Amino acid sequence: MTRQNIAAEQEVAERSKAGGRTRMTRALALILVLLVWFGLAAVGGPLVGRLSEVQKNDNASFLPKSAESTEVGKLAAKFSSANTLPYFVVVERQSGLKTSDAGAVKDFITGIPSLPFDIKGYSLGTYLAAPPTAAIPSQDGKALLVPVLLNSKKASETIGTSSPLFEGAKALRASATRTLTRSGLVVYVTGPGGVLADFVTAFGGIDGILLFVALGVVFFILLVVYRSPILPITVLFTATFGLAIAAMVIYPLAKNDIIGLNGQSQGILSILVVGAATDYSLLLVSRYREELHEHPSKWVAMRVAWRAAVEPIAASAATVILGLLCLLLSQLGSTRGLGPIGALGIAGALVASLTFLPAVLLLFGRRIFWPIVPRVDHVHAEDSVGRRGLWGRVAGIVGRHPRRTWVLALVALLACAAFAPTLKAGGVTQSQLFLNKVESVTGQEVLARHFPAGSGSPVQIIAAQAKAEQALTAVKSVGGVASAFMGQTPGVPPKVVDGNVLIQATLTPAADSPAAEGVVERLRDRLDQVGPDVLVGGSTAINLDVRQASERDLRVIIPAILAVVFLVLMLLLRALVAPLVLVVANVISFAATLGVAAVVFNHVFGFPGSDPATPLYAFVFLVALGIDYSIFLMTRVREEARERGTRPGILVGLAVTGGVITSAGIVLAATFSALSVIPILFLVQIAFIVAFGVLLDTLVVRSLLVPAFAHDIGARIWWPSRLGQQSSPLEDVEQSTSP
């Protein structure tokens, strides 16, 4: 053997040994990444289920400190030893109360402090501000009202996985069934405490049912998309792991009151993470499969795919995160809390999609796509433009008739947007928030039949002692006020605290209705004439201040989100025209979605109205999430435009990304639709608006409007970047032969 042959054999052996070391290093890195992720999931997974322990669901805790009702709440607390949250137990006999009923109700009242909870060792008496003493008879002689006052601070505590508020309502209902209903009396537990207890019941499905439904829907869609049994499971693990690491951060922050978490934001968190993680996974998996047709090595294919996908995925996540963080500008704690909660959820989805998912894909290699395993055949999706495949044909239509396509799409969107002003977002009563029949809602209706509808939830007015009589006279002169008195009990001299007197007024309309809010507005206007230091608060005033804060948030946050989205797109696409086109297109899409929602809510579902925060939440999700699909499209178009020119690059980008982006849109729409399993008006409306809006963005804006308009104006879409100053030979031919 010659010296040259020996050297060659040694070189081959060294390369083989180096290759073995590389394979060993890669394998160890994969195992390490997966072990870290399984460890994080073991810690964060249980915290997802415990997020309900650190929720706060009352309006007052979310109001800004500057709100008039917040200030009244602090001052009114000085007139009693504790802030209270009332249940109203309404006892009714439609034929008229009997003499024996008074005694039965008295026995029921006597037993209230000792009522046991289902949780051993706890009873209702521990959480009462004061034991109830007597029932209030109605003027028609058909009903009795028993106010049961909870200590609001104690009622907000957690008992295991339950709450005193929920357990107290359940104990009262069980006791009434045992002692009163057998004699023919009908009993309802309602009032603010009863309504909140029913909210707890409604949101009880968030931890399990909502997540299960969302994951089930996503699994089915991914099974259809991938036609592989392994890939959907991998993507779902990615989503749940992203949710787990988000919960690791959110739980301690909410527990220590650094951020505010309520039932709505917890439900939205689950949907956001599952939807975003699935979208990001779809984009990466699609690009990985594309590269496996080009490269025999799964490592090389993943490296190319990851580098190509990381920019649009990161830009998409950054857009959503920054858009959600704009909610920190909100005056409402509930809306402000959703900002960091949602942002942390998206961050979790991003990290899981770019680290855990690639590790699993590399672990399984090509076999993860079984039974349709991609081979090295150099088949390119762009070869289908104008010829085969749905998105190839769509790209062909856009290329042949760009102006006609975008004009027709724009006209259709504007026609839908014309109905947006008919969306009734002025607010609804608490009873109208439930889409199913609950006892607290029925009880409110019974209460309104026999008592002034505002009974038990009085408007609270704080006035200086010197102006108290004048203020009381002014209050009684306002239409919609059924009665008013100074102090805490009628006929008892009022207590003076720090020179102030408390005035309480019972309203004729229900305390949680828009009509009652109108009475509070008139009271404030009338009392301003008595003195600017006369303040109006109470539960109705809280609802009014929440609505006004929501309307202010809409005016402030929407421009902030648009500015943030535009800046992110400008940095990503290195252009001014393209970002402007994308933002304007998504705003038009949002308006069209609201228009369709208004028609459906008003004339199909017959909803009574919408929460004032509904348009803001819808805007955040639709613009921040809807822009994702335009980002996925235009980053690929920009990549192709460098090699082919802008117009061919647009058609190739549309053909290549059409399937995956449409799948991502369907998944996100289906995921948000899972919110409709919770029978709360706000969440069902958000579910419809976001699901429909995402599909509109996916199928019309991203597929027709944006690519057709960009194709029509050509390279000017990239102005002022250099890409906007060059054209391909194919474009030169098109321009020279165009009429």
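The structure contained in this document is the topic of the report that follows. (Residues numbered from 1 in each chain as written. Predicted model: local features only at pLDDT ≥ 70, side-chain atom pairs only at ≥ 80, totals over all residues. Heavy atoms only, no water.)

1. Points about the overall build of the protein chain
Phase 1 of the analysis: The secondary structure content of the protein chain amounts to 22 helices and 9 strands.
Phase 2 of the analysis: Classification of the 739 residues of the protein chain by burial places 54% in the buried group.
Phase 3 of the analysis: Long-range contacts, defined here as pairs at least 24 residues apart, represent 81% of the contacts in the protein chain between residues at least 6 apart.
Phase 4 of the analysis: As presented, the protein chain carries roughly 30900 Å² of accessible surface, and 62% of it is formed by carbon and sulfur atoms.
Phase 5 of the analysis: Between the averaged position of the 60 positive side-chain charges in the protein chain and that of its 48 negative side-chain charges there is a distance of 5 Å. (Helix = DSSP H or I, 4+ residues; strand = E, 2+ residues; numbered from the N terminus. Buried < 20%, exposed > 50% of the residue type's maximum accessible area, 1.4 Å probe, protein only. Contact = heavy atoms within 4.5 Å. Areas by Shrake-Rupley, 256 points an atom, 1.4 Å probe, with all protein chains shown as cover. Lys, Arg positive; Asp, Glu negative; His and termini not counted. Charge placed at Lys NZ, Arg CZ, Asp CG, Glu CD.)

2. Considerations on the packing of helix H11 (residues 333–364) against helix H19 (residues 614–644)
The description of two packed helices rests on the angle between their axes and on the distance between the axes.
Phase 1 of the analysis: Two elements in contact, H11 and H19, have axes whose closest approach is 12 Å; the angle formed by their N-to-C orientations is 10 degrees. When the axis of H11 is compared with that of H19, the two are roughly parallel. Of H19, the residues touching H11 (which contributes Ser 334, Thr 335 and Leu 338) are Leu 616, Tyr 617 and Phe 621.
Phase 2 of the analysis: Looking at the contact of H11 with H19 residue by residue, the class counts come to 4 nonpolar, 2 polar and no charged. (Axes fitted to C-alpha atoms, helices over the stretch in contact; angles between N-to-C directions. Parallel < 35°, antiparallel > 145°, perpendicular 65-115°, else oblique. Nonpolar A, V, L, I, M, F, W, Y, C, P; charged D, E, K, R; others polar.)

3. Some details on the packing of aromatic side chains
Given two aromatic rings, one states the distance between the centres and the angle between the planes to describe the pair.
Phase 1 of the analysis: Per the stated rule, a full pass over the model turns up 19 aromatic pairs.
Phase 2 of the analysis: Centre to centre, the rings of Trp 406 and Phe 709 are 5.1 Å apart; their planes meet at 85 degrees, and the pair counts as edge-to-face. One end of the pair, Trp 406, is in helix H13 (residues 402–417); the other, Phe 709, is in helix H21 (residues 681–713), and 303 residues separate them in sequence.
Phase 3 of the analysis: Here Trp 406 falls in the buried class, since its relative accessible area comes to 18%.
Phase 4 of the analysis: The partly exposed category is assigned to Phe 709, whose relative accessible area is 23%.
Phase 5 of the analysis: Between the aromatic rings of Phe 621 and Phe 672, the centroid separation amounts to 5.4 Å while the plane-to-plane angle is 50 degrees, which identifies the pairing as tilted. (Phe/Tyr/Trp six-rings, centres within 6.5 Å; stacked < 30°, edge-to-face > 60°.)

4. As for the environment of Ile 713
Phase 1 of the analysis: Relative to the elements of secondary structure, Ile 713 occurs in helix H21.
Phase 2 of the analysis: Judged by its relative accessible area of 17%, Ile 713 is buried.
Phase 3 of the analysis: In this structure, the C-alpha to C-alpha distance between Ile 713 and Thr 646, residues 67 residues apart in sequence, is 9.7 Å.
Phase 4 of the analysis: Other than its neighbours up to four places away in sequence, Ile 713 contacts Val 577 and Arg 647.

5. Observations regarding the packing of helix H12 (residues 390–400) against H21
Phase 1 of the analysis: Here H12 crosses H21 at 40 degrees, and the two axes come no closer than 9 Å. Relative to H21, the element H12 lies oblique. Of the two possible hands of crossing, H12 and H21 adopt the one that is right-handed. In this structure, H12 uses Trp 391, Val 394, Val 398 and Gly 399 to contact H21, whose residues at the interface are Arg 702, Ser 703, Leu 704, Pro 707, Ala 708 and His 711.
Phase 2 of the analysis: Of the residues in the contact of H12 with H21, the class split is 6 nonpolar, 3 polar and 1 charged. (Left-handed = near helix turned anticlockwise from the far one by under 90°.)

6. Quick notes on the sheet that holds strand S3 (residues 143–151)
Phase 1 of the analysis: Judged by pairing direction, the sheet is antiparallel, and its 4 strands sit side by side in the order S2-S3-S1-S4 without closing on themselves. Each edge of the open sheet is held by one strand with a lone partner, namely strand S2 (136–137) and strand S4 (186–190).
Phase 2 of the analysis: Of the strand pairs in this sheet, S2 and S3 are connected by 2 bridges, and their pairing is antiparallel. Within S3, the residue paired with Ile 136 across the bridge is Leu 145. (Pairing = 2+ DSSP bridges.)

7. Description of the pairing of strand S1 (residues 84–92)
Phase 1 of the analysis: Buried residues dominate S1, accounting for 8 of its 9 residues.
Phase 2 of the analysis: Bridging between S1 and S4 involves 5 bridges; their strand directions are antiparallel. Looking at the pairing, Glu 92 lines up with Val 186 of S4.

8. Quick notes on unusual backbone geometry
Phase 1 of the analysis: Between Trp 370 and the following residue, Pro 371, the backbone shows a cis peptide bond with an omega angle of 15 degrees.
Phase 2 of the analysis: Looking at where Pro 371 falls in the secondary structure, it is placed in the loop between H11 and H12.
Phase 3 of the analysis: For the bond running from Trp 719 to Pro 720, omega is 5 degrees, close enough to zero to count as cis.
Phase 4 of the analysis: Take Pro 720: it is sitting in the loop between H21 and helix H22 (729–737).
Phase 5 of the analysis: With a phi close to 55 degrees, Asp 498 is a non-glycine residue in the positive phi region.
Phase 6 of the analysis: Positioned with a positive phi, Arg 574 is a non-glycine residue whose angle comes to about 55 degrees.
Phase 7 of the analysis: Tracing the sequence through the fold places Arg 574 in the loop between helix H17 (539–573) and helix H18 (577–604).

9. Regarding the pattern of salt bridges
Phase 1 of the analysis: On inspection of all chains with the given rule, the structure shows 22 salt bridges.
Phase 2 of the analysis: Arg 93 is the partner of Asp 101 in a salt bridge, and the nearest nitrogen-oxygen pair spans 2.9 Å.
Phase 3 of the analysis: In this structure, Glu 551 and Arg 547 form a salt bridge, with 3.1 Å as the shortest nitrogen-oxygen distance. One end of the pair, Glu 551, and the other, Arg 547, are both in helix H17, 4 residues apart, so they sit about a helical turn from each other. (Salt bridge = Lys/Arg side-chain N within 4 Å of Asp/Glu carboxyl O.)

10. Here we look at the side chain of Arg 287
Phase 1 of the analysis: With respect to the helices and strands, the residue Arg 287 is situated in helix H9 (residues 263–292).
Phase 2 of the analysis: Apart from residues no more than four positions distant in its own chain, Arg 287 is found in contact with Ala 305, Ala 308, Arg 636 and Glu 639.

11. Remarks on a nonpolar patch on the surface
Phase 1 of the analysis: A surface patch of nonpolar side chains, about 430 Å² in accessible area, is lined by Met 24, Leu 28, Ile 31 and Leu 35.
Phase 2 of the analysis: Note that Leu 35 resides in helix H1 (residues 3–50).
Phase 3 of the analysis: The class for Leu 35 is exposed, based on a relative accessible area of 58%. (Patch = residues over 30% accessible without salt bridge, like charges linked within 9 Å, V, L, I, M, F, W, Y side chains within 5 Å.)

12. Notes on the environment of Val 623
Phase 1 of the analysis: By secondary structure assignment, the location of Val 623 is in helix H19.
Phase 2 of the analysis: A residue is classified by how much of its surface remains accessible, and Val 623, at 3% relative accessible area, is buried.
Phase 3 of the analysis: Once the C-alpha coordinates of Val 623 and Leu 562 are considered, the two residues, 61 residues apart in sequence, prove to be 8.1 Å apart.
Phase 4 of the analysis: The contacts of Val 623, once residues within four sequence positions are left out, are Ile 561, Leu 562 and Val 565.

13. Looking at H12
Phase 1 of the analysis: For H12, the complete set of buried residues consists of Trp 391, Gly 392, Val 394, Ala 395, Gly 396 and Val 398.
Phase 2 of the analysis: The inward-facing, buried residues of H12 contact H13, helix H20 (646–673) and H21.

14. Digging into the side chain of Glu 167
Phase 1 of the analysis: Checked against the element boundaries, Glu 167 lands in helix H5 (residues 164–179).
Phase 2 of the analysis: Owing to a relative accessible area of 5%, Glu 167 belongs among the buried residues under this scheme.
Phase 3 of the analysis: With near-sequence residues (within four places) excluded, Glu 167 lies in contact with Phe 117, Asp 118, Ile 119 and Ser 162.

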